[in-house]
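This is what each chain is made of:
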Amino acid sequence: MPDVQVRESLQRARQRLADALQSAGRPADDACLLAVSKTKPAALIREAHACRQRDFGENYLQEALDKQVELADLTDIVWHFIGPLQSNKTRAVAEHFAWVHSVDRAKIARRLSEQRPASLGPLNICLQVNVSGEASKSGADPDDLDDLAAEVVALPNLRLRGLMAIPAPATSMAEQRRPLARLRQLRDELRQRYPQAPLDTLSMGMSDDLEAAILEGATLVRLGTAIFGARTPRA
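Small disclaimer: the values here were computed from a predicted structure and weren't measured.

Chemist: Quick question: what am I supposed to make of the overall build of the protein here?
Modeler: When its secondary structure is counted, the protein shows 9 helices and 8 strands. For a compact globule of 235 residues, the expected C-alpha radius of gyration is about 18 Å, and the protein comes in at 17 Å, within 12% of that figure. Nonlocal contacts in the protein, meaning residues at least 24 apart in sequence, comprise 60% of its contacts between residues at least 6 apart. Here the protein contributes 31 positively and 31 negatively charged side chains, and the mean placements of these two sets differ by 2 Å.

Chemist: Help me understand the pattern of salt bridges, please; the structure alone is not making it clear to me.
Modeler: If charged atoms from side chains of opposite charge come close, those side chains can pair. Applying the stated criterion across every chain, the model contains 13 salt bridges. Asp 73 serves as the salt-bridge partner of Arg 46, at 2.9 Å between the closest nitrogen and oxygen. Of the two residues, Arg 46 sits in helix 2 (residues 42-50) while Asp 73 sits in the loop between helix 3 (61-70) and strand 3 (78-81), which places them 27 residues apart along the sequence. Among the ionic pairs, Asp 188 bridges to Arg 187, the shortest N-O distance being 3.0 Å.

Chemist: Just checking my understanding: could you explain the pairing of strand 4 (residues 99-103) for this structure?
Modeler: Consecutive residues of a regular strand have side chains that alternate between opposite faces of the sheet. The element strand 4 is extensively covered by neighbouring structure, given that 5 of its 5 residues are classed as buried. Pairing analysis gives 2 bridges linking strand 3 to strand 4, with the strands arranged parallel. If you follow Phe 81 over to strand 4, its bridge partner there is Val 100. Handedness of the crossover is the feature at issue here: the chain leaves strand 3, passes through helix 4 (residues 90-96), returns alongside strand 4, and the resulting connection is right-handed. Sheet topology note: the strand 4/strand 5 (residues 123-128) ladder contains 3 bridges and is parallel. Bridge assignment links Val 100 to a residue of strand 5, and that residue is Ile 125.

About the cut-offs
- Residues numbered from 1 in each chain as written.
- Predicted model: local features only at pLDDT ≥ 70, side-chain atom pairs only at ≥ 80, totals over all residues.
- Heavy atoms only, no water.
- Helix = DSSP H or I, 4+ residues; strand = E, 2+ residues; numbered from the N terminus.
- Rg over C-alpha atoms; globule rule 2.2 N^0.38 Å.
- Contact = heavy atoms within 4.5 Å.
- Lys, Arg positive; Asp, Glu negative; His and termini not counted.
- Charge placed at Lys NZ, Arg CZ, Asp CG, Glu CD.
- Salt bridge = Lys/Arg side-chain N within 4 Å of Asp/Glu carboxyl O.
- Buried < 20%, exposed > 50% of the residue type's maximum accessible area, 1.4 Å probe, protein only.
- Pairing = 2+ DSSP bridges.
- Right-handed = clockwise from strand over helix to strand, strands pointing away.

Dropping the structure here:
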């Protein structure tokens, strides 16, 4: 049986998402939770899986690969890589994940396409955008996004699914919505330019801004602490 705390946390997270969708006037199935399981043991992922959670996000490659081995019997888990991606890690990501949310350079996209096993089908890609203009944040500059999207659309083993952002923290709903609205606008513009790509995904919204993200059209909301509890800092 799943751990009571994980089960109850997931129930609360799902209810919060359902309430946000209802308030935004969106269908109940218009967005889903991505359980961010970085730094958490495989046992907690197994418990969440027993509660019908299927999508899990990982930031640290070796940690994620170890969990995938331990959870190999759960064949319907959908693994999302959501952390910064360096060139020397693209092969393992291409071989072991269904989604990558953090592509912000053409070089990384090309390597992922070249290294994606044909047997797995195209790798789902979200382009990470630095919508808040923070020097410390990863992500493509919005002005460079069209060129990056053109590269990804042309690569044979990638599917451009949408955009991802981690905006700067904000306290008011209006301040939270502003960069998220910008991300949606950028996605909608790409849809017009690249009708051959799905571009059906907005990966945005975390514990502090879930409601704002849903109002702005988020389809994947990334929740970690709200599901698994506070994280222990990595050594």
